[in-house]
Amino acid sequence: MTITIITLFPEYFKKPLSLSIVGRAFAQPEHTLKIVDLRQFGIGTHQRVDDTPYGGGAGMVMMVEPIEKALRSIGVAKNQEKSSILLTSAKGERYTQKTAREYAGLEYLTIICGHYEGVDERVAEHLVDQEVRIGDFVLSGGEAAALSIVDSVMRLQEGVLGNPESLNQESHDTSGFLAAPQYTKPETYNNWSVPKVLLSGNHGKIAEWRIKSSSD
Ligand SMILES: C[S@@+](CC[C@H](N)C(=O)[O-])C[C@H]1O[C@@H](n2cnc3c(N)ncnc32)[C@H](O)[C@@H]1O
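For clarity, every value in this text was computed on a predicted model and none was experimentally measured.

Asker: Would you mind going over the site of the ligand with me for this structure?
Answerer: In the neighbourhood of the ligand, 19 residues make up the surrounding shell, with Thr88, Gly114, Glu117, Phe137 and Leu139 lying closest. Contact between the ligand and Gly142: an oxygen atom at 3.5 Å from a main-chain N or O atom of the residue. The set of elements that each furnish at least two residues to the shell around the ligand consists of strand S5 (83-94) and strand S7 (130-133). Considering every element that reaches the shell around the ligand, the biggest residue donor is S5, with three residues. Classifying every residue of the shell around the ligand gives eight nonpolar, nine polar and two charged.

Here you go:
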């Protein structure tokens, strides 16, 4: 899978996406991460990427032209098979585990990070497949949203997790499902004890307890 992030802050991604599970995923030859600096496609000598909003109002709005040029340079467009272009947006569709599973099956995922007051609406209307929000709150930029999306998609790729069983019965696999609580050694700490059933060795009873303790 190739993931491309279009951003004004390429530095933002270097460390987090090189670490742990996601870092290991991108070290595999079948996965590629590309970070595209939107500023390169800015207009004029100052490489402008934003301007004042029509109709007035606070802040600056990211322009269509640099984003369209960035997409063209990557060679992606909306409505292509096995490819999706996302615009991060506080007013987009809610991103869920179901969405992560859908994106995990793509060959190309392109994520545009908004900034300032937002992005000229014509980007959402004409250039992207989906506008997504990662929660009901406002971030200062789409970079933190892109990180979450990349992490949640890459851990679903085959061979990325040490034990693929980790992907069975995870929280949010179905709407409202939350995985059962987990415990590890020691059995008792500060008088806080692990539920006895987990120490019983009775796999049937443990499975029953886990089903009862997960929420749906
Ligand atoms: C300060 S926000 C703009 C908020 C916008 N004025 C509004 O009220 O909806 C700047 C950028 O951060 C990103 N962003 C903010 N909240 C987000 C969220 N919940 N999910 C995904 N991206 C978000 C988007 O790319 C957005 O263009």
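That shown, we press on.
Asker: Is there a simple way to explain helix H3 (residues 64-74) in this structure?
Answerer: For H3, the full list of buried residues reads Pro66, Ile67, Ala70 and Leu71. Within H3, the buried residues cover an arc of 135 degrees as seen down the axis, which keeps them to one side. Residues of H3 that are buried in the fold lie against strand S1 (2-7), strand S2 (32-37), strand S4 (61-62), S5, strand S6 (108-112) and helix H5 (121-126). Backbone geometry just after H3 places Gly75 at a positive phi near 85 degrees.

Asker: Quick question: what am I supposed to make of the packing of helix H2 (residues 20-27) against helix H6 (residues 143-154) here?
Answerer: What describes two packed helices is the angle between their axes and the distance between those same axes. Between H2 and H6, the shortest axis-to-axis distance is 9 Å and the interhelical angle comes to 70 degrees. Regarding the angle of H2 to H6, the classification is roughly perpendicular. The crossing of H2 and H6 is left-handed. Residue-level contacts link Val22, Ala25 and Phe26 of H2 to Val150, Asp151 and Met154 of H6. Of the residues assigned to the contact of H2 with H6, the class counts are five nonpolar, no polar and one charged.

Asker: Help me out: how do you make sense of helix H4 (residues 97-104) in this one?
Answerer: Where H4 is concerned, the buried positions are Gln97, Thr99, Ala100, Tyr103 and Ala104. What you see down the axis of H4 is that its buried residues fit within an arc of 155 degrees, all on one side. Summarising the contacts, the buried residues of H4 are in contact with S5, S6, S7 and H6.

What counts as what
Residues numbered from 1 in each chain as written. Predicted model: local features only at pLDDT ≥ 70, side-chain atom pairs only at ≥ 80, totals over all residues. Heavy atoms only, no water. Near = heavy atom within 4 Å. Polar contact = N/O pair within 3.5 Å; in protein donor to acceptor, adjacent residues only side chain to side chain. Helix = DSSP H or I, 4+ residues; strand = E, 2+ residues; numbered from the N terminus. Nonpolar A, V, L, I, M, F, W, Y, C, P; charged D, E, K, R; others polar. Buried < 20%, exposed > 50% of the residue type's maximum accessible area, 1.4 Å probe, protein only. Arc of directions from axis to C-beta. Contact = heavy atoms within 4.5 Å. Axes fitted to C-alpha atoms, helices over the stretch in contact; angles between N-to-C directions. Parallel < 35°, antiparallel > 145°, perpendicular 65-115°, else oblique. Left-handed = near helix turned anticlockwise from the far one by under 90°.

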